[in-house]
Amino acid sequence: QQLGCSLLSAVLVEYSSSTGSSAVGLTWEFHFQCKRAIENEELLRILMFGLQVLEQYASVDISSLSSEALKLLLSFVKLTSQVLNWHFCHTHPLGVAFSVAEMTNVSFKPPKDWSSTVLNPNFLQLFFKLLMGCRNQEDLLHHIFQCLSQLASLSGSVFFNDKDRAIYITVFASELLEYIQNINFSSSNLSGQEIYGTSGVVYRLVTTFPTSTMLTMEKDKLANFTEVLAQATCMCAQKASEINSDDDNGYLYHESFDQLLNTWMHLLVDSNDFPPNFFQQACCDIFQSYLGFKLAPPTGWRTCNSEDDDVLCEVQEDDRVLFSEQLSNIGYIARSVPEYSLPLLLKLIEECLTKFTACYSQLVSLQTAQTDTTELSSLYEDIHWLFLLTSYLLNDILQGEFVSIPNKLMEYLITTDKQDVQDVDIQTAVLQQENCSGKNVNHVVALLVCMCRWCELEKLYINAGLLPHLSPQVTSTVTWLLAKMADSYLLFRDSDYQQVSVSLSSAVGSGTATGHWLVSFLIDKSVSNLSVWSSDKSVADSSVELLSSLAKNSSAAVVAMDCDLLWSVMCTFVTRQAPLDQLPCAVQRKLMCNLILLANGSKKELFLTQLLEPLQRRLKFILQRFSLKTLSKEPGVKDELISIVECLCGVGLVSKASLKYLMLSLAVRK
């Protein structure tokens, strides 16, 4: 049996693919003829042969089998998996090129004459029975999950009608639910491989079958399926936080959580096809679990200490890059229940602000650097994740798309306007550090207040000489968040939306006094960061991105031109005066580019002239006083020249005809 299984396996390996073969001197046409012959005449027989053997093993206690019997069982499971992964000719014809994704994630699309075998409920039940019996056999478990993943992708002519699809998904979902309930997903004995395999099968099932097919399931079964799916997602979040991601099980828990989040995205995109509020409780539970995943006790259950976090920060990408897909999915889930997620985020952020203020008072009173910063480090990690979540909740973080306020949020805010929400004076609330949670206010405006309040508290720390106690990671995160808010919310135009929240429009909409104040506030925040954190790449990049957001926002750019602070910043930077005289080269280039982009309106030419003329004077001074041979020997001259060149490179990044004309006229005049 073992020898025969090995021979059959070798044949399947050789002829399964439609895009390659072994170099044995045969033509590709002959290879394809052999493949078609095997597929039409032998493949189903091979599957039936494998199933007969597997049925024998399914009726015994697999844990009591000898090593030889287990090896034989593994061979037949692999053989069955190869059949289920076969690239059928009618889906992968000769001479057609396919992407790597298409060839590695092959759907199971057998011909219609396989229907009597594949659509038999006993066929699915066999694999789930084997799955329960092989829980302690890692090699077997892996390949059985591969088989189930392929069966979850079943599609094509094997289904004669929609009724067949409905019956199949009902049987599959029932067996899957029974398996999940039997293994107890919350059990501490559950392996990462089981969770990862199960999440993969669920994802394949949900993404293969359309919403219309899922809705044919009985209402109670469908509700039970989504409830168990939500419980599994929450459990994965908790397990992932308890186990280090470097551990094998920890990695599998993290991957499982991401797979289940992707599954929820497919369900929520079509949420309007389901009964009203069908996913409401699940979304609330998942969002709450993610908060627990990322926050420290007592709010959450994060276990990593600050030293671990510091080491990870040095070797990993920024969290907003590393977890961008995960955060985007959680943001979408949170927007599905804004009445729950927004007040909760506001409450947690304001609690962090209260702790941050208390830490400031404690540090000032102690008047020593030898203080325990453990609590402060934990607070920084919490607020870092809360601000990241806020950003992905309030914004669709998409590259190359028109940035706008998400429709679900706007609809929610319009609904809350009918409840007589109180107006929030953003400037007063920020400067006086007023809390907004518990009040009947526009939650988006209240969250914006929290962002600005944090910036004001950071300024308080800096002025008190407590800069070493601040977190550049949090500074970078809140600055990036403000940049995203400037993209979509700041001075937004009512005409860009079919319906608009009155409370939001009156707070930060186009033409509002608060909107004008915020433009000045954001410019000040960006410059303050560059003055203090110029050596930190993440903070510097976020600060320049904030200015870039103001430049791209035409309404904000117009207001910025009337802001005295912007002109002051421009003069300080272009004449290379403190505190903007020690910026890294890349930051100088980007800052110059953004200052040019901010120039607009009637003051545009005056602004550009005052921006470019000092550069010309600085360059002319160097070229007249020093020769090229002595430039590198003169202290400070080389740095000055590099600064000028970087600024000119920033000018070159902006391809505007009017700018080139102005530079040419300046060159001619001088």
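**Some remarks on the overall build of the chain**
Phase 1: For the chain, the count of helices and strands is 31 helices and 0 strands.
Phase 2: Taking all 670 residues of the chain together, the buried fraction comes to 52%.
Phase 3: Within the chain, residue pairs in contact and separated by at least 24 positions form 75% of the contacts whose partners lie at least 6 positions apart.
Phase 4: As presented, the chain carries roughly 30,800 Å² of accessible surface, and 51% of it is formed by carbon and sulfur atoms.

**Points about the side chain of His 143**
Phase 1: On the secondary structure map, His 143 appears in helix α7 (residues 138-152).
Phase 2: Owing to a relative accessible area of 16%, His 143 belongs among the buried residues under this scheme.
Phase 3: Beyond its immediate chain neighbours, meaning those up to four positions away, His 143 contacts Leu 74, Val 77, Lys 78 and Ser 81.

**A few points about the nonpolar core**
Phase 1: One finds Leu 151, Phe 172, Leu 394, Ile 426, Met 451, Tyr 461 and Leu 504 to be the most contacted residues of the largest nonpolar core, which totals 221 residues.
Phase 2: By residue number, the principal contributor to this core is helix α21 (residues 443-463), which donates 13 residues.
Phase 3: Non-local contacts of Phe 172, meaning those with residues more than four positions away in its chain, are made with Leu 124, Phe 128, Leu 148, Leu 151, Ala 152, Val 201 and Leu 205.

**Quick look at the packing of helix α6 (residues 121-133) against α7**
Phase 1: Two elements in contact, α6 and α7, have axes separated by 10 Å at closest approach and are oriented at 155 degrees. Judged by the inter-axis angle, α6 sits roughly antiparallel to α7. Crossing handedness for the pair α6 and α7: left-handed. Between α6 and α7, the residues in contact are Phe 123, Leu 124, Phe 127, Phe 128, Leu 130 and Leu 131 and Leu 141, Ile 144, Phe 145, Cys 147, Leu 148 and Leu 151, respectively.
Phase 2: For the contact of α6 with α7, the class distribution of residues is 12 nonpolar, no polar and no charged.

**Re unusual backbone geometry**
Phase 1: Following Pro 297, the chain continues to Pro 298 via a peptide bond in cis, the omega torsion being 5 degrees.
Phase 2: Tracing the sequence through the fold places Pro 298 in the loop between α13 (280-294) and α14 (306-315).
Phase 3: A cis amide bond, omega 5 degrees, links Ala 578 with the succeeding residue Pro 579.
Phase 4: The phi dihedral of Gln 433 falls on the positive side, at around 55 degrees, and the residue is not glycine.
Phase 5: The residue Gln 433 is located in the loop between α20 (426-431) and α21 in this model.
Phase 6: At Arg 576, a residue that is not glycine, the phi angle is positive and equals roughly 55 degrees.

**What about the packing of aromatic side chains?**
Phase 1: By the definition in use, this model includes 29 aromatic pairs.
Phase 2: Within the aromatic cluster, the residues linked to one another by ring pairs are Phe 356, Tyr 360, Tyr 380, Phe 387, Trp 454 and Tyr 461.
Phase 3: Here Lys 294 stacks its cationic end above the ring of Phe 323, 4.3 Å away from the centre of that ring.
Phase 4: The residue whose ring lies beneath Lys 294 is Trp 385, and the NZ or CZ to ring-centre distance is 4.1 Å.

**Some points on the packing of helix α24 (residues 513-532) against helix α25 (residues 537-552)**
Phase 1: The interhelical angle for the contact between α24 and α25, taken along N-to-C directions, is 155 degrees, at an axis separation of 9 Å. In terms of their interaxial angle, α24 and α25 are classed as roughly antiparallel. The hand of the α24/α25 crossing is left-handed. Residues Val 519, Leu 522, Ile 523, Lys 525, Ser 526, Asn 529 and Leu 530 of α24 form the contact with α25, whose own contacting residues are Val 539, Ala 540, Ser 543, Val 544, Leu 546, Leu 547 and Leu 550.
Phase 2: Split into classes, the residues belonging to the contact of α24 with α25 amount to 10 nonpolar, 3 polar and 1 charged.

**A look at the side chain of Asn 395**
Phase 1: Within the secondary structure layout, Asn 395 lies in the loop between α18 (374-394) and α19 (407-417).
Phase 2: Given a relative accessible area of 3%, Asn 395 falls into the buried group.
Phase 3: Polar side-chain contacts of Asn 395 include one of 2.7 Å to the side chain of Ser 488.

**Observations concerning the pattern of salt bridges**
Phase 1: Scanning the model with the defined rule gives 19 salt bridges in all.
Phase 2: In this structure, Asp 562 engages Lys 603 in a salt bridge whose closest nitrogen and oxygen atoms are separated by 3.1 Å. One end of the pair, Asp 562, is in the loop between α26 (554-561) and α27 (564-574); the other, Lys 603, is in the loop between α28 (585-598) and α29 (604-625), and 41 residues separate them in sequence.
Phase 3: Judged by relative accessible area, which is 54%, Asp 562 ranks as exposed.

**Observations regarding helix α8 (residues 162-183)**
Phase 1: In a regular helix each residue adds 1.5 Å, so 22 residues correspond to 32 Å; α8 covers 32 Å between its end C-alpha atoms and thus fits that length.
Phase 2: For α8, the N-terminal cap is Asn 161; the gap from its side-chain oxygen to the backbone nitrogen of Lys 163 is 3.1 Å.
Phase 3: With its phi angle positive at about 60 degrees, Asn 184 sits one or two positions after the end of α8.

**Topic: the environment of Asp 581**
Phase 1: Note on placement: Asp 581 falls in the loop between α27 and α28.
Phase 2: Considered as a pair, Asp 581 and Ser 531 are 50 residues apart in the sequence and their alpha carbons are 8.8 Å apart.

**Brief notes about the environment of Leu 615**
Phase 1: Examined against the element boundaries, Leu 615 turns out to sit in helix α29.
Phase 2: Sequence-distant contacts of Leu 615, that is, excluding residues within four places in its chain, are made with Val 574, Met 592, Ile 644, Cys 647 and Leu 648.

**Considerations on the confidence of the model for the chain**
Note that predicted coordinates carrying low pLDDT should not be read in detail.
Phase 1: Of all residues in the chain, 88% have pLDDT values of 70 or greater, and the mean over the chain is 87.
Phase 2: Under a pLDDT of 50 for its full length, residues 96-103 has, in the predicted model, 10 contacts with residues more than four places off or in other chains.

**Some thoughts on the state of the cysteines**
In protein chemistry, a disulfide is the covalent bond that joins the sulfur atoms of two cysteines.
Phase 1: The final tally for this structure, using the stated rule, is 0 disulfides.
Phase 2: With no disulfide of its own, Cys 450 lies closest to Cys 436 among cysteine sulfurs, the gap being 6.4 Å.
Phase 3: Here Cys 585 stays unpaired: no disulfide links it, and the sulfur of Cys 649, its closest cysteine neighbor, is 9.6 Å away.
Phase 4: For Cys 585, a relative accessible area of 34% corresponds to the partly exposed category.

Calculation rules
- Residues numbered from 1 in each chain as written.
- Predicted model: local features only at pLDDT ≥ 70, side-chain atom pairs only at ≥ 80, totals over all residues.
- Heavy atoms only, no water.
- Helix = DSSP H or I, 4+ residues; strand = E, 2+ residues; numbered from the N terminus.
- Buried < 20%, exposed > 50% of the residue type's maximum accessible area, 1.4 Å probe, protein only.
- Contact = heavy atoms within 4.5 Å.
- Areas by Shrake-Rupley, 256 points an atom, 1.4 Å probe, with all protein chains shown as cover.
- Core = buried A, V, L, I, M, F, W, Y, C linked by side-chain atoms within 4.5 Å.
- Axes fitted to C-alpha atoms, helices over the stretch in contact; angles between N-to-C directions.
- Parallel < 35°, antiparallel > 145°, perpendicular 65-115°, else oblique.
- Left-handed = near helix turned anticlockwise from the far one by under 90°.
- Nonpolar A, V, L, I, M, F, W, Y, C, P; charged D, E, K, R; others polar.
- Phe/Tyr/Trp six-rings, centres within 6.5 Å; stacked < 30°, edge-to-face > 60°.
- Lys NZ or Arg CZ within 6 Å of the ring centre and 35° of its normal.
- Polar contact = N/O pair within 3.5 Å; in protein donor to acceptor, adjacent residues only side chain to side chain.
- Salt bridge = Lys/Arg side-chain N within 4 Å of Asp/Glu carboxyl O.
- Expected span 1.5 Å × (residues − 1).
- pLDDT = per-residue confidence, 0-100.
- Disulfide = S-S within 2.5 Å.

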